[in-house]
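So you can see what is in the structure, the chains are spelled out below.
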Amino acid sequence: MAEIGFDLEKAAYFLKNDELVAIPTETVYGLAGNGLKNLTIEKIYKVKNRPGNNPLILHVPTFEGIEPIVKKIPEMALKLAQAYWPGPLTFVLPKQDHIPDLATGGLPTVAVRVPAHEMTRSLLSLLDFPLAAPSANLSNRISPTTAEHVAFQIGDKIPYILNGGQCTQGIESTIIGFEGNIPVIYRHGALSIEEIQKISSDVLIRNEHRKIVAPGMFSKHYAPKTRLIATRNIHKSLGGLEDQKLAVLTLTPEIHNCLNDSIHKACMSSNGDLFEAAHNLYDLLYKLDAMNFDCILVEYVPDTGIGISINDRLKRASV
Ligand code: TXA
Ligand code: MG
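Attention in this report is confined to the structure presented alongside it. Fair warning: this is a prediction, and the values are worked out from it, not measured in the lab.

**Quick look at the pattern of salt bridges**
Scanning the entire structure with this criterion turns up 14 salt bridges. Here Arg121 and Glu118 are joined by a salt bridge, their closest N and O atoms 3.9 Å apart. Taken together, the residues Arg121 and Glu118, both in helix H4 (residues 118-125) and three residues apart, mark about one turn of the helix. Residue Arg121 is classed as partly exposed on the basis of its relative accessible area of 22%. Overlapping salt bridges, with partners in common, bring together Glu172, Asp312, Arg313 and Arg316 in one network.

Printed below as a string of C-alpha cells:
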C-alpha cells in the first residue's frame, strides 16, 4: 500500500528512479511519472487501466519549461499563460520530436500545463524532466481531490502519495488548443470561458457534436459506481424511483425539507457559490458512492462560469 506523506525529497527520489508518485495540484491529484520515458508512461497507462490513445498532460514548473517540449507558441498562448499560469489551464500545442509518441497517443501535439500547487511546483523544480500526470483515478472513474481518494483507487499500485490536502479547485483544468491565434476549448474545466474571454474575445468550443480531439470529450467519463442521474428537476425525476434507496445532491440545501425523510440529502454549497460547489463535488460523489445507494440523483447547477464545467461532468457521469 502506498505511503501517504509530505516528503518532497522522497517523492523526487521515486520519480528519478522511474517509479510513479501521486501528486497534488489545485485541480485534482495526478498520477505522475517521468514524461520523457516510455517505461514510466507505460506504467501510468497500466495503473489507470487507460487506453493508450488517450494522451497525457506534461506538467512543468514555469512557462519556460514548455520551450523544450513544444514547437510553436502562439502569441495568444503567451498572453493566456501570463494571465493564468500557474493555474488550471492546459495548452495543446505541436510537440517537439523527442517527446515520446506514447505520451501523446501518437498525436503530433502535446498537452502542457504549469500547476498552481506549491508542493508540486517545488517537486517539479527538483526534477530535470516534465511530469506526465493524468488524474490519479482508474480510467472512467471520479478524479481524486484528496490523498485518501487516491489511496482508495490506486493505493495498492504505487509506492508514494504526496499529500497536499484537498485540491482547492476540485475540477480538472480547462484544455485549449489554437486555431491560428484563436483559443479552442477542448475540455471545460476549472478556468471558465468568461476568464478566457477576458484575454481573447474570440473563443471557439469544440463539443461532442464536432470532431473529437480530446478523449475527455467522449460522452461517458468521470462516473461513480452507483447509478447517477443528473436532472434539472429533482421532483420530476423522483417519480418512478420511490422504491429505491436514494441520495439527492443539490447545489444548495433549499429544497431538502420538501423531500421525503427516507431520502439522503447532500448539497455542494451552503449559499450557491459555484466555486465551493466545484471544490466539493468529487469528494461528495466519493462519499455518496461509498454509501451503497441504488441511485444518486444530482441537480444540474446554473449554466454560468464554472457551472458549465460542473454540468459537463454531471452529464458525463449520468446514465
Ligand atoms: O487538471 C488536470 O488537467 C489534471 C491534473 C492532474 O493536471 N489532469 C488531467 O489529466 O485531468 P487527464 O489525463 O485525466 O486528462 C487529460 C486530458 C485527456 O482528456 C486527454 O485526452 C487530453 O487531456 N489531451 C492530452 N493530450 C492531448 C492532445 N495532444 N490533444 C488533445 N487532447 C489531449
Ligand atoms: Mg482524467
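**Quick look at the nonpolar core**
Grouped together as the largest cluster of nonpolar side chains are 46 residues, with contacts concentrated most on Leu80, Trp85, Phe91 and Ile158. Every element with two or more residues in this core is listed here: helix H2 (38-48), helix H3 (75-84), strand S5 (89-94), strand S6 (109-113), helix H5 (147-154), strand S9 (174-179) and helix H6 (193-199). Sorting elements by how many residues they give to this core places H3 first, with five residues. For Phe91, the contacting residues outside a window of four places in its chain are Ala77, Leu80, Ala81, Trp85, Val110, Ala111, Val112, Ile176 and Phe178. Judged by nonpolar contacts, the second largest core, of 30 residues, contains Val28, Ala277, Tyr282 and Val301.

**With respect to the sheet that holds strand S13 (residues 246-250)**
Spatially, the four strands line up as an open sheet ordered S12-S15-S13-S14, and their pairing is parallel. The sheet is open, and its two edges are formed by strand S12 (227-231) and strand S14 (264-267), each paired on a single side. Looking at each pair of strands side by side, their axes are set apart by 20° on average, direction ignored. Both S12 and strand S15 (residues 295-299) contribute to a ladder of five bridges, which runs parallel. In the sheet register, Arg227 faces S15, and the bridge partner there is Cys295. The strands touched by helix H8 (residues 274-289) are S12, S13, S14 and S15; relative to S13, the strand with the most contacts, the crossing angle is about 175°.

**Here we look at the environment of Leu15**
Mapped onto the elements of the fold, Leu15 is located in helix H1 (residues 8-16). Using a relative accessible area of 0% as the deciding quantity, one classes Leu15 as buried. Once the C-alpha coordinates of Leu15 and Thr40 are considered, the two residues, 25 residues apart in sequence, prove to be 9.0 Å apart. Among all residues touching Leu15, those that are not within four sequence positions of it are Val21, Ala32, Gly33, Leu123, Leu127, Phe129 and Leu131.

**Re the side chain of Ser309**
Inspection of the secondary structure assignment puts Ser309 in helix H9 (residues 307-317). Among residues more than four places away in sequence, those in contact with Ser309 are Ile171, His188 and Gly189.

**Remarks on H3**
Taken residue by residue, H3 has Met76, Ala77, Leu80, Ala81 and Tyr84 as its buried positions. On an axial view of H3, the arc spanned by its buried residues comes to 135°, and they lie on one face. As for H3, its buried residues are in contact with S5, S9, strand S10 (182-187) and H6.

**Topic: the packing of H1 against H4**
Contact geometry of H1 with H4 gives a least axis separation of 10 Å together with a crossing angle of 50°. For the element pair H1 / H4, the angle class is oblique. When the axes of H1 and H4 are compared, the crossing they make is right-handed. Of H4, the residues touching H1 (which contributes Leu8, Ala11, Ala12 and Leu15) are Met119, Ser122 and Leu123. By residue class, the composition of the contact of H1 with H4 is six nonpolar, one polar and no charged.

Basis of the calculations
- Residues numbered from 1 in each chain as written.
- Chains lettered and ligands numbered in written order.
- Predicted model: local features only at pLDDT ≥ 70, side-chain atom pairs only at ≥ 80, totals over all residues.
- Heavy atoms only, no water.
- Salt bridge = Lys/Arg side-chain N within 4 Å of Asp/Glu carboxyl O.
- Helix = DSSP H or I, 4+ residues; strand = E, 2+ residues; numbered from the N terminus.
- Buried < 20%, exposed > 50% of the residue type's maximum accessible area, 1.4 Å probe, protein only.
- Core = buried A, V, L, I, M, F, W, Y, C linked by side-chain atoms within 4.5 Å.
- Contact = heavy atoms within 4.5 Å.
- Pairing = 2+ DSSP bridges.
- Axes fitted to C-alpha atoms, helices over the stretch in contact; angles between N-to-C directions.
- Arc of directions from axis to C-beta.
- Parallel < 35°, antiparallel > 145°, perpendicular 65-115°, else oblique.
- Left-handed = near helix turned anticlockwise from the far one by under 90°.
- Nonpolar A, V, L, I, M, F, W, Y, C, P; charged D, E, K, R; others polar.

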